[in-house]
Each structure stands twice: as structure tokens, then as C-alpha cells.
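Close look at the chain arrangement
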Amino acid sequence: MNGKDKNLYDAIVVGTGISGGWAAKELCEKGLKTLVLERGRNVEHIKDYDDMLPNWELPHRGRITNEDRTKSPVQSGVYNYNERSKKYFVNDLDNPYIQLKPFEWARGYQVGGRSLIWGRQSYRRSYLDFEANAKDGFGVDWPIRYKDIAPWYDYVEPFVGIAGSIERLPHLPDGKFQPPMPMNCVESEVAQRIKGKFSDGRMIINGRTANHTRNIGEGRGQCQYKGSCGAGHACSFGAYFSSNSATLPAAARTGNMTLRPYSIVQEVYYDKETRRATGVRVVDTETMKQYEFYAKIIFLNASTLNTAAILLNSKSDVFPNGLGNSSGQIGHNLMDMPYGMGAQGVFEGFKDKFTFGNRPTGIFVPRFRNINKATEHKDYLRGFTYQGGAGRGRKGGTGFGRDFKNDMSQPADHWSMSITAWAEHLPYYENRMFLHEDKKDKYGMPVICVDCEFKENEKAMVDDMMNSAAEILEAGGLKNVETYNWNKIPGSCIHETGTARMGNNPKTSVLNGWNQMHDVPNIFITDGAAMASSGTTPGPSVTYMALTARAVDYAVKELNRRNI
Amino acid sequence: MERRAFIIKGGKSIGAIGLGVLGIYSCQSHEPAVFNGEFSLEEVNMINEIGEIIIPITDTPGAKAARVGEFITVVVRDCFSEKEKKEFNITLADINKICNESFGDDFLKCKESERLKLVSKMEEGHGGYKTLKNLIVSAYLSSEIGMTKYFDYHPVPGKYDGCTTVRPW
């Protein structure tokens with residue numbers, strides 16, 4: 001057996017995050033011997049978690065240290081980076097990238113990737129999202145429509161385990177949900193009060209989250225409301241979806257998966273005779289040795305920027321500008337989602353009421369702009385949604401001594417409530433990533449440069465996102481309503497997408513309607529890179545999951561038909 | 001994603017303290033020449049004793065039992081900027097200076113009544129004290145005593161009740 005035979009698999013999956021985990025599960029369950037490559041260390045479900053460690057036992061009780069800020073200047077600014085979760089974020093010094101414009105790139109290089117630390121909100125895209133590019137001309141038309149992906153949402157959601165409510169809204173399709181996590185008394189009251197008050201149909205529904213309200217299988221229990229997932233601490237109850245809790249164990253159970261941590265894929269090999277990818281070149285980060293692995297099909301799920309980087313770094317006579325890049329689109333059309341504009345207020349009532357438990361979700365306001373003629377907005381295209389919630393904090397005290405100590409535990413006079421917008425980011429060719437010509441990281445991979453910004457359409461939404469939020473809260477009876485804008489930079493929503501977009505035309509897109517490369521039919525890309533638009537409604541991961549399962553189904557059928 | 005969804009701006013003041021008066025340092029000339037980030041046992045004890053005045057033992061243990069001084073000095077050393085460290089160190093020195101001027105001795109050698117007078121005075125306006133007090137409150141509430149004795153501790157609530165009459169902490 002020569003080296004090539006020894007390293008030969010049916011399929012290779014690059015990356016173990018949300019989409020890589022699904023590719024691994026589906027390929028293995030269909031009987032393919034699958035090599036799953038992960039650049040970081042292994043993280044085993046439950047065994048490797050420390051979420052049950054009391055906070056006071058941490059040396060800094062969760063605080064970020066100066067050393068953390070030095071080693072990870074970008075990661076330490078991510079919303080759920082803290083003393084306990086920091087092990088799931090990269091060291092920025094070891095993993096440099098260049099920001100031509102400010103771009104916060106959150107990264108988790110370990111088995112499970114960012115699925116360990118994700119936000120878990122899970123919303124289907126609607127017909128509006130798949131038709132938007134064709135209608136207004138930004139980006140290229142999606143090669144699929146809602147009806148193409150709907151059965152695959154149906155397929156993945158029960159395994160994901162999403163708590164959500166049935167609403168029968170065409171612009172926010174229902175899914176195969178577990179029971180929703182309830183609203184608290186103020187949220188319910190505000191939701192009730194705004195009913196029918198807005199001609200554009202503004203409404204408040206339960207957030208849809210990949211936290212389980214029902215047991216879902218081995219190592220996947222129901223939510224205990226301890227609040228660890230929101231802080232990036234993983235969950236020993238397995239009560240939220242991650243690759244570690246769900247897809248990778250399923251893949252392992254088949255006996256078909258070979259999981260190889262510490263393996264950075266730097267290049268995909270291409271054979272111009274067969275016009276197929278043949279395998280990948282890997283750097284083992286423990287030994288710094290290079291290895292080659294071969295397979296019939298390759299799924300790239302390394303995350304939006306890294307998937308594109310691998311392709312751009314895979315140069316050959318046929319593809320001097322990067323593998324599968326005859327369109328010149330790889331790395332371009334980078335999107336995130338603008339977010340952080342909203343309003344807050346206080347609710348005078350329910351003074352004798354509190355909440356118990358840390359609910360890992362909140363309330364949601366579906367989009368209400370540019371759904372139809374009647375809801376068209378004159379200043380901008382597409383739209384936004386809100387996430388939020390109500391709660392009751394403590395008042396604190398003044399002075400010192402016995403009375404002060406007592407006052408510290410007194411509840412705040414009023415409940416507070418806030419809602420915050422997440423908006424669509426249009427695809428622009430000039431928003432892009434590319435590889436630096438000279439600079440390389442310590443593993444020899446060219447450093448990624450990011451040049452991405454929000455433009456006119458995104459800016460045109462800002463005031464409306466703040467003011468509409470205030471209108472909702474005021475209609476709901478909140479007092480002292482104030483608007484805010486967190487002024488988040490691109491990347492900080494952690495919804496980066498678009499660098500290898502789907503489309504019908506090989507001249508203007510990288511992937512076809514099956515997430516298959518136009519140029520190289522045995523490469524499939526099903527992470528955020530594949531998106532032709534950011535979508536108006538956030539929670540993109542469940543869309544990656546559905547597209548991945550759909551792409552694997554197609555790939556294996558094509559393989560069996562000997563088309564690839 | 002819900003990441004910010006349940007951070008309620010107006011209601012996130014967990015352990016918030018509403019100090020009305022913002023003071024400034026009473027003495028800028030008192031600055032120690034060098035501060036290496038390490039604290040003496042006296043300084044740790046001093047923070048514990050000031051803590052005990054602010055959060056005394058009642059039916060639950062106070063700040064001294066929660067060893068706020070040990071934790072605060074670690075946080076200042078590891079988490080504070082150079083500027084913040086220096087300011088914090090000035091505050092401790094300044095407290096001793098005030099004690100010496102008013103009572104003729106360092107804080108730790110002052111009588112209980114004198115310490116109370118000192119804290120009362122700083123409550124009226126002292127910028128460095130405000131930071132120290134915030135640290136003491138946060139150190140106490142995040143300690144094992146704060147989380148389990150002062151508050152009711154529910155590490156695994158097991159359920160969510162969005163409308164309960166029982167105060168959950």
C-alpha cells in the first residue's frame with residue numbers, strides 16, 4: 001500500500017463547526033468513510049466542559065485579564081469572551097489577519113468550532129430572502145427558492161432541537177419545533193398590548209433557539225436554565241445544539257468517521273485530467289509536518305473566510321487565481337449583519353413579580369419592512385428584525401454598613417425591557433477578503449486581509465431601527481423609552497458570509513444550486529461562504545445545516561451515479 | 001442571535017451602587033514613585049477592613065469573611081491598566097494619609113470609630129474610594145459567601161418561571 005492508498009477516504013470534511021459537523025454526520029450515515037479535519041484541539045462533549053465549576057473558583061471570577069487582551073486583542077472584545085469561555089477562542093497573535101477596515105473576526109479553533117459558543121437563535125429564511133437579489137439586483141439571484149430548502153429545514157430541525165412557537169407567517173416560516181421557552185409576564189403583557197396597533201403588522205413572538213425543551217437523545221438533555229450557554233461555557237446537560245453534543249457523536253457512532261484534530265488544511269489538490277479535486281494538504285500543528293489526504297468528494301466547512309482562503313491558496317495552471325475561481329468571485333461579496341440599534345424602557349407594573357432561572361433566549365419581532373407594497377420603505381431595501389427581552393434587576397444601595405448591605409439585594413423599582421435590531425447587509429463585490437502576497441502565519445499560510453464595510457443601504461436603516469423599536473416599546477406601555485446604537489463594526493455580528501456564493505451563472509458565482517463548485521464538481525461548500533445574501537432574519541446557522549444535509553444527499557447520489 | 005437580547009440596559013445594575021457624589025483625589029502629590037502591581041499583606045488587610053465597614057457581618061458573613069482584599073488585589077494586578085493600577089494604589093496611600101492627618105495613625109491602627117468616620121468622609125466625595133467601593137461590592141457578591149450565603153444560590157435552576165412572586169436571589 002503506498003502513501004496515497006493509506007490516506008484515501010471516500011470523503012473529506014474540512015472543519016467541525018456547525019456545517020462541518022452536519023457534513024460529517026450525513027456523509028458517515030450514508031456509509032462513506034469520511035476523514036474529518038479540524039485545525040484545533042479536540043473538545044469532547046461533557047468530559048471537557050467546565051460549566052459546572054462555580055464562578056468563585058475562577059482566579060478572576062470571569063474577568064478578562066491584561067494577558068488575555070494582549071494575546072487576543074480581537075477575541076477579548078467578543079460579547080461572550082470571558083475567563084471561562086476564552087479557551088474556545090483563538091489566540092489572535094498566533095492567528096493574525098489584517099483589517100483594511102475595522103472587522104471583528106471571532107474565531108474558535110477547536111473540534112466543534114464556534115458551535116460551542118454560538119448564539120443559538122435559529123430562524124428559517126423565507127421566500128423573501130431567496131427572491132431579494134433577483135428583485136432589487138444586488139448580488140446574484142439565488143439558484144434556489146424557499147421550496148427547495150424547506151424539506152431540508154424539516155429534516156434537520158428535529159435533530160437540532162429548536163424551541164419555538166408556531167406563528168403561520170409567510171415571511172418567517174415555522175419549523176419542526178420543540179415547545180417554546182415562555183415569555184415572562186412583562187414580555188407577554190407588552191406583546192398583548194401591541195397587538196393590532198401597527199398597520200405594518202409588528203408583533204412580538206417567542207425567540208426560536210437551539211436550546212432543548214425536551215430530551216433529544218444520549219447526552220442531549222433538556223435545558224436547566226443555568227445560563228452557561230449564553231456566556232460561552234458549553235453545557236454539561238447537552239441542552240443546546242453543538243457539533244460536539246449532536247452531529248459528531250452521530251457521525252462517530254457509524255464507525256465511518258476518522259476525526260483528525262490539529263490539522264490545518266492549506267491547499268486542495270486539483271487534477272486537470274479528470275477535472276476533479278483529488279485531496280488536501282494538511283499541516284499538523286503539533287509536529288509541523290505536512291500530510292496529504294485523498295478522497296472522492298471534499299466538503300469545505302472551514303468557515304466563510306477560511307474556506308475562501310484555502311481555495312485562494314490552491315493555485316494551479318488551470319486555476320492561477322485560486323481553485324474554482326474562474327468567476328473571480330472567491331473572497332468577494334463578504335457580508336455580516338449590522339446590529340445593535342434599539343430602544344429600552346421601564347415597565348411600571350408587576351412589582352411583586354420576578355423571573356426564576358436563566359432563560360437562554362428572549363422575544364423576537366419578525367421583519368415588517370419591505371414585505372409587500374404596503375410595507376415598502378422609501379429609504380432602503382430589505383429589512384431587519386428585533387431580539388430582546390424584559391427583566392428585573394436589583395436596585396443597589398447608597399451609603400455603607402448594615403442598611404447598605406440590605407439594600408444591595410432589593411429589587412429594582414421597575415422591570416426593564418429592550419429590543420435590539422439585526423439587519424440585512426447587501427452583497428457588494430468590493431467588500432472582500434484576499435490573501436496577503438508575502439505575509440504568512442506561523443503555519444505557513446498566507447495571512448487573510450479583510451476589506452469590508454457597511455454602506456448606504458445599511459446606514460439608511462439605522463434611524464428606523466432605533467425609532468421603530470421605541471415605537472414598539474411605547475405602544476407596549478413602557479415608560480422612559482430611550483433609543484441606542486452600539487455602533488458595532490462589521491464582523492461583530494459573527495454572521496460573516498458570501499465569499500464563495502451560490503448562483504446560476506458560473507461566470508458570476510462559485511457554487512451552483514447544490515452548493516457544488518461550478519468549476520470543480522467534487523467540491524462542496526456549505527458554510528457561510530455559500531450565501532448569496534445575508535438574509536434579513538438572523539440565526540443563519542440552521543440554513544447552513546439544511547443546505548449541508550441537502551448537498552450531501554445530492555453529492556452521494558451523484559457519486560453513486562458516477563457523475564462525480 | 002440573541003447575544004444581547006437579555007442584557008437589559010436599565011436593569012443590568014446587578015449589585016449596582018448609586019453613589020451620588022463623584023469626588024476627585026484629595027491628594028495628587030502623594031503618588032508612590034513605583035508600583036509593581038504587587039500588594040502587601042497590610043494593603044490586603046486594609047481592603048478587607050474597609051470592606052467590612054461597607055459590608056459588615058450581619059445575619060450573613062461580611063466582606064472580611066469573603067476575603068475581598070485577596071480577590072481585589074489579584075484583579076487589580078492582572079486586569080487593570082497601568083493607569084488604573086496607579087490610581088488604585090494612590091487611593092490606598094491616600095486613605096492612610098487621611099487617617100494620619102485626622103487620627104495620627106495608619107488606617108489599620110485606627111480605632112473602629114475612626115475608621116467609620118473615615119469611610120463617612122469618603123462617602124461624601126472621593127473618586128478613588130468610589131472605585132474601591134465598587135470593587136468591594138463586586139468582590140463580595142461574586143465570592144462564594146456572596147453567591148451562596150448572601151444570595152440564594154441556584155446553580156441549576158432546572159426551570160424557567162417568568163412570573164413568580166418569590167424573589168429568586
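I will try to describe carefully the structure that is included in this document.

Conventions we followed
- Residues numbered from 1 in each chain as written.
- Chains lettered and ligands numbered in written order.
- Predicted model: local features only at pLDDT ≥ 70, side-chain atom pairs only at ≥ 80, totals over all residues.
- Axes fitted to C-alpha atoms, helices over the stretch in contact; angles between N-to-C directions.
- Helix = DSSP H or I, 4+ residues; strand = E, 2+ residues; numbered from the N terminus.
- Parallel < 35°, antiparallel > 145°, perpendicular 65-115°, else oblique.
- Left-handed = near helix turned anticlockwise from the far one by under 90°.
- Contact = placed C-beta atoms within 7 Å.
- Nonpolar A, V, L, I, M, F, W, Y, C, P; charged D, E, K, R; others polar.
- Expected span 1.5 Å × (residues − 1).
- Pairing = 2+ DSSP bridges.
- Buried ≥ 20, exposed ≤ 12 C-beta atoms within 10 Å, placed from the backbone.
- Right-handed = clockwise from strand over helix to strand, strands pointing away.

1. A few points about the packing of helix α2 (residues 18–29) of chain A against helix α11 (residues 541–560) of chain A
Residue and element names in this part refer to chain A. Packing of α2 against α11 brings their axes to within 9 Å, and their N-to-C directions diverge by 30°. By the angle class used here, α2 and α11 are roughly parallel. Judged by the twist between their axes, the crossing of α2 over α11 is right-handed. Counted together, I18, S19, W22, A23, E26 and L27 of α2 and S541, Y544, M545, T548, A549 and V552 of α11 form the full contact between these two elements. Looking at the contact of α2 with α11 residue by residue, the class counts come to eight nonpolar, three polar and one charged.

2. Some remarks on helix α3 (residues 82–103) of chain B
All names here are of chain B. A rise of 1.5 Å per residue sets the reference length of α3, with its 22 residues, at 32 Å; its end C-alpha atoms lie 31 Å apart and thus fit the reference within 8%. Among the structural elements, α1 (41–54), α2 (68–79), α4 (112–123) and α5 (127–142) are those in contact with the buried residues of α3. Just past α3, the residue G104 takes up positive phi, approximately 80°.

3. A few points about the sheet that holds strand β11 (residues 363–365) of chain A
All names here are of chain A. Pairing in this open sheet of six strands is antiparallel, and the strands run β4-β11-β12-β13-β9-β16 from one edge to the other. Across the chains shown, the open sheet's two edge strands, defined by having one partner strand only, are β4 (205–206) and β16 (479–485). With five bridges connecting them, strand β9 (residues 339–347) and β16 associate as antiparallel partners. Looking at β16, one finds that Q344 is bridged to E482. Packing of helix α10 (residues 456–475) onto the sheet brings it into contact with β9, β11, β12 (384–391), β13 (415–423) and β16, and relative to β9 it is tilted by some 15°.

4. Quick word on the pairing of strand β1 (residues 8–14) of chain A
All names here are of chain A. Most of β1 is tucked away, with five of its seven residues classed as buried. Looking at chain direction, β1 and strand β8 (residues 290–300) are connected through six bridges and run parallel. Following the sheet pairing, L8 is matched in β8 by Y294. With four bridges joining them, β1 and strand β2 (residues 34–37) adopt parallel strand pairing. Bridged to I12 within β2 is L35. Note that the unit made of β1, α2 and β2 has a crossover that is right-handed.

5. What about the environment of B:E114?
All names here are of chain B. In this fold, E114 is placed in helix α4. Looking at E114, the number of C-beta atoms within 10 Å reads 16, which means it is partly exposed. Remark: the alpha-carbon pair of E114 and S102, spanning twelve residues in sequence, is separated by 8.7 Å.

6. Quick look at the environment of B:T58
Among the structural elements, B:T58 can be located in the loop between α1 and α2. Accessibility expressed as a C-beta count within 10 Å gives 12 for B:T58, which makes it exposed. A sequence separation of eleven residues divides B:T58 from B:G69, and the C-alpha atoms of the two residues are 19 Å apart. In contact with B:T58, other than residues within four places in its own chain, are A:R402 and A:K405.

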